[in-house]
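# Observations on the model geometry
Listed here are the chains, written in short residue letters.
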Amino acid sequence: FPLFSQVTCNCFTISNGEMQDVGVGLYPSMSLLNHSCDPNCVIVFEGYQLLLRSVREIQIGEELTVSYIESLMPTSERQKQLVRQYCFECDCLLCHNQEKDSEKLAGEEHAWKEVKDAINEVRYPKSKEEWKHILARCQNLLSSNVGRLPDTNIYQLKMLDCAMDACINLESWEEALYYGSRTLEPYRLYYPSFHPLRAVQLLRVGKLQYSQDMFPQALETLKQAYDIMKVTHGTDHSLMKALMEIKEECEAMIRIQ
C-alpha cells in the first residue's frame, strides 16, 4: 500500500501530441516539482520523453512549478482533487482570488449540471456507431441550452470539445470546424498565456480550416498556434514540425490563389 500510494502521488500522465492521455510513467527528478494552479512551467511529452518547458521569465532563486491537475475547473473542484489525490490544498494566488470561477460556471445551474453529468458518462468510443450516439447526445444538449449556457461555461466548453472529437472521428469536417471555432475564445480566456492545450486546439482548428480551403483563416490560426508552441513545445518537437509543414502548405496555397 505505501508503494501504491507513492506511485499514485508521483506518477505523471503521459500524453500524445494532441494532449490525450495514453499512459502513466515515473520520472523521479520531475516528481520534486511542486504544484501551482498558475505555474511557471509546463510538461509536454515527446513519446515517453518528458520535457519541462518554462512558460514565462523565471527569476534567479524562483521555484519551478507545474500544475498537477487540469486547471479548467472551479477553485473548489481543484482543491478537492488535490486533497483527494495529493493530500494538500493549494494556496496559490489563483486559488485565493478564485479567479474566473464566475465565468467557468456562468449560465443556468440546472443546465450546466445536466451537461456535466452527460460528460462524466462519456467513455472513449470504439466504433463509429458509438461516436454517432455521442454526437447526437452532444447536439441535443447544445441545441437545448442555447441562451441558457454561454460557451465560456466549462461544461459547455467540454461538450463542444466532445462534439468536435465526434465529428472528426466521423469525418464530418465542416461540422467539426463549427464546434472547434466556438472553443477558441473560451480557450483564450482560460489559457491567456502560453499553454500547450491552447496551442493544440489552435492547431486542430487550423487544420480543419485548411481542409475547408479557408487558407487565410487557417494561416492566421496556425500562426497563433506557432507563437505558443515554440514556447510550450520548442522548435524540435515533432508536433511543431507537423505544424510548420501545414503552415507552409497553407502559405503556398495562398500564393497560388
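Analysis parameters
Residues numbered from 1 in each chain as written. Predicted model: local features only at pLDDT ≥ 70, side-chain atom pairs only at ≥ 80, totals over all residues. Heavy atoms only, no water. Salt bridge = Lys/Arg side-chain N within 4 Å of Asp/Glu carboxyl O. Helix = DSSP H or I, 4+ residues; strand = E, 2+ residues; numbered from the N terminus. 1 Å grid on protein atoms, 1.4 Å probe; cavity = no way out; pocket = protein on both sides within 12 Å on 5 of 7 lines; lining within 4 Å. Points joined across faces, edges and corners; volume = space filled by probe spheres on them. Nonpolar A, V, L, I, M, F, W, Y, C, P; charged D, E, K, R; others polar. Phe/Tyr/Trp six-rings, centres within 6.5 Å; stacked < 30°, edge-to-face > 60°. Buried < 20%, exposed > 50% of the residue type's maximum accessible area, 1.4 Å probe, protein only. Pairing = 2+ DSSP bridges. Domains from an automatic or database assignment. Contact = heavy atoms within 4.5 Å. Buried area = accessible area lost by both parts, 1.4 Å probe. Polar contact = N/O pair within 3.5 Å; in protein donor to acceptor, adjacent residues only side chain to side chain. Expected span 1.5 Å × (residues − 1). Arc of directions from axis to C-beta.

### Side note on the pattern of salt bridges
Tallied over the entire structure, the rule returns 9 salt bridges. For Lys113, the salt bridge identified is with Glu109, shortest N-O distance 2.9 Å. Pair noted here: Lys113 and Glu109 are both in helix α5 (residues 109–121), with a separation of 4 residues, about one helical turn. The residue Lys247 makes a salt bridge to Glu251 at a minimum N-O spacing of 3.3 Å. With Lys247 and Glu251 both in helix α11 (residues 238–256) and 4 residues apart, this pair spans about one turn of that helix.

### Quick word on the layout of surface pockets
Estimated volume of the second largest pocket: approximately 160 Å³. For the second largest pocket, the full set of lining residues is Ala118, Glu121, Val122, Arg123, Pro125, Glu130, His133, Ile134 and Arg137. Listing elements by their share of the lining of the second largest pocket, those giving two or more residues are α5 and α6 (128–144). Ranked by residues supplied to the lining of the second largest pocket, first place goes to α6 with 4 residues. Here the lining of the second largest pocket is built from residues that sort into 4 nonpolar, 1 polar and 4 charged.

### Focus on the packing of aromatic side chains
Given two aromatic rings, their pairing is described by the distance between the two centres and the angle made by the two planes. Considering all chains together, one arrives at 8 aromatic pairs under this definition. Counting every residue linked through ring pairs, the aromatic cluster contains Tyr68, Tyr86 and Phe88.

### Some thoughts on the pairing of strand β4 (residues 41–46)
Summarising burial for β4: 5 of the 6 residues are buried, a large majority. Bridge count between β4 and strand β5 (residues 49–54): 6 bridges; the pairing is antiparallel. Pairing of Val44 across the sheet is with Leu51, part of β5.

### Side note on the domain arrangement of the protein
Split into domains, the protein comes out as domain 1 (1–98), domain 2 (110–186) and domain 3 (191–256). If you look at the interface, domain 1 gives 4 residues, while domain 2 gives 5 residues. Across the domain 1 to domain 2 interface the summed buried area is about 350 Å²; carbon plus sulfur atoms make up 65%. Linking domain 1 with domain 2 are 0 salt bridges. Applying the counting rule to domain 1 against domain 2 returns 0 residue pairs in polar contact (both at pLDDT 80 or more). Partitioning the side of domain 1 that touches domain 2 into residue classes produces 3 nonpolar, no polar and 1 charged.

### Brief notes about α6
With 17 residues, α6 extends 24 Å between its outermost C-alpha atoms, agreeing within 8% with the 24 Å of an ideal straight helix rising 1.5 Å per residue. Considered for burial, the residues of α6 that qualify are Trp131, Ile134, Leu135, Cys138, Leu141 and Leu142. Projected onto a plane normal to the axis of α6, the buried residues spread over an arc of 135° and lie on a single side. Opposite the buried face of α6, by more than 90 degrees, sit the exposed residues Glu129 and His133. Summarising the contacts, the buried residues of α6 are in contact with α5, α7 (154–169) and α8 (173–190).

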